[in-house]
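Residue-level structure breakdown
Chain residues, written in single-letter form:
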Amino acid sequence: MIGLPDTEPQTAAGKVLWHFTMSLDGFVAGPNHAMDWMGGITNPRPNITDEYTSSTGAILGGRDGFEAFPNADSTYDGTWQAPVFILTHHPEDAPPTPNTTFLNCGVAEAIRIALEAANGKNLEILSASIGRQALALGLIDDIDLHIAPVLLGDGIRLYDNPGGTPIKLRLVNGDNPTTEINVRYRPVPPGQDR
């Protein structure tokens, strides 16, 4: 039996990507945007960081995420240097930050501005809220998720839209776009490291 093939490497094609590593229970950050849960998690695809740093021309994030991680130069462990746009209702009180532009506009306009700055490369949305809004506007080309072997139970959900209409997705890797993905994990006993 052959397993589901991995996704093709991302290419710079002027796309809008909603891109995150996510816990198995759907969180992209812990409470207060904590990211310490990602320590020790690895991705089996070689050079995946290079793949995204070379194909990404700009990043669009939200103010809450910026407040938790205000140094845009730390993106992709400091290996990525390009424009970062932060969408906020209060750009006037944002601290001056190198390589960061604060925008006070609608999501569609912010995406237009950031895509133009990406100069033909992809725009990555690193905000659950902005991604949800962009998805509702039909502005997301790909959702790239890396599912981590951890259950957080609390934090920032990838897609939080209580009472909203379900959004159907098409699986890109594989022959059947409606295939569900099977994963199996076992709990790690307390005190053991994976």
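Just above sits the structure.
Here we summarise the structure given alongside this text. (Residues numbered from 1 in each chain as written. Predicted model: local features only at pLDDT ≥ 70, side-chain atom pairs only at ≥ 80, totals over all residues. Heavy atoms only, no water.)

**Examining the pattern of salt bridges**
Proximity of charged atoms lets side chains of opposite charge pair with each other. Applying the stated criterion across every chain yields a total of 7 salt bridges. Put simply, Arg-63 and Glu-67 hold a salt bridge, and the shortest N to O gap is 2.6 Å. In this pair, Arg-63 and Glu-67 are both assigned in helix α2 (residues 63-68), 4 residues apart and thus about one turn of the helix distant. By relative accessible area, Arg-63 is classed as buried at 15%. Under the relative-accessibility criterion, Glu-67 is labelled partly exposed at 45%. (Salt bridge = Lys/Arg side-chain N within 4 Å of Asp/Glu carboxyl O. Helix = DSSP H or I, 4+ residues; strand = E, 2+ residues; numbered from the N terminus. Buried < 20%, exposed > 50% of the residue type's maximum accessible area, 1.4 Å probe, protein only.)

**Some remarks on the nonpolar core**
Ranked by internal contacts, the top residues of the largest apolar core, which has 23 residues, are Trp-18, Leu-60, Leu-87, Ile-111, Leu-123, Ile-125 and Ile-140. Within the residue set of this core, elements represented by two or more residues are β1 (16-23), β3 (56-62), β4 (84-87), α3 (107-118), β6 (122-125) and α4 (128-136). Counting residues per element, this core draws most heavily on α3, at 5 residues. Contact partners of Ile-111, with chain neighbours within four places excluded, come to Val-16, Leu-60, Leu-123, Ile-125, Ala-134 and Leu-139. In this structure, Ile-48, Tyr-52, Phe-66 and Ile-86 belong to the second largest nonpolar core, which totals 13 residues. (Core = buried A, V, L, I, M, F, W, Y, C linked by side-chain atoms within 4.5 Å. Contact = heavy atoms within 4.5 Å.)

**A few points about the environment of Thr-179**
Position of Thr-179 among the secondary structure elements: in the segment after β8 (156-157). Distance from Thr-179 to Ser-74, taken between C-alpha atoms, is 36 Å for residues 105 residues apart in sequence.

**Quick look at a nonpolar patch on the surface**
On the surface, Leu-4, Leu-24, Leu-145, Ile-147, Leu-151, Ile-181, Val-183 and Tyr-185 cluster together into a nonpolar patch covering about 720 Å² of accessible area. Inspection of the secondary structure puts Tyr-185 in the segment after β8. Given a relative accessible area of 38%, Tyr-185 falls into the partly exposed group. (Patch = residues over 30% accessible without salt bridge, like charges linked within 9 Å, V, L, I, M, F, W, Y side chains within 5 Å. Areas by Shrake-Rupley, 256 points an atom, 1.4 Å probe, with all protein chains shown as cover.)

**Brief notes about helix α1 (residues 48-55)**
Where α1 is concerned, the buried positions are Ile-48, Glu-51, Tyr-52, Thr-53 and Ser-55. Of the surrounding secondary structure, the elements contacted by the buried residues of α1 are β1, β3, β6 and β7 (142-148).

**A word on the sheet that holds β3**
Spatially, β5-β4-β3-β6-β1-β7 is the arrangement adopted by the 6 strands of the open sheet, whose pairing is parallel. In this open sheet, the two strands that pair with only one neighbour each are β5 (100-103) and β7. The sheet shows a mean angle of 25° between the axes of neighbouring strands, taken without regard to direction. Here β4 pairs with β5 via 4 bridges, running parallel. Its bridge partner being in β5, Phe-85 is matched across the sheet by Thr-101. Along the sheet face, α3 touches β1, β3, β4, β5 and β6 and points at about 155° away from the line of β3. (Pairing = 2+ DSSP bridges. Axes fitted to C-alpha atoms, helices over the stretch in contact; angles between N-to-C directions.)

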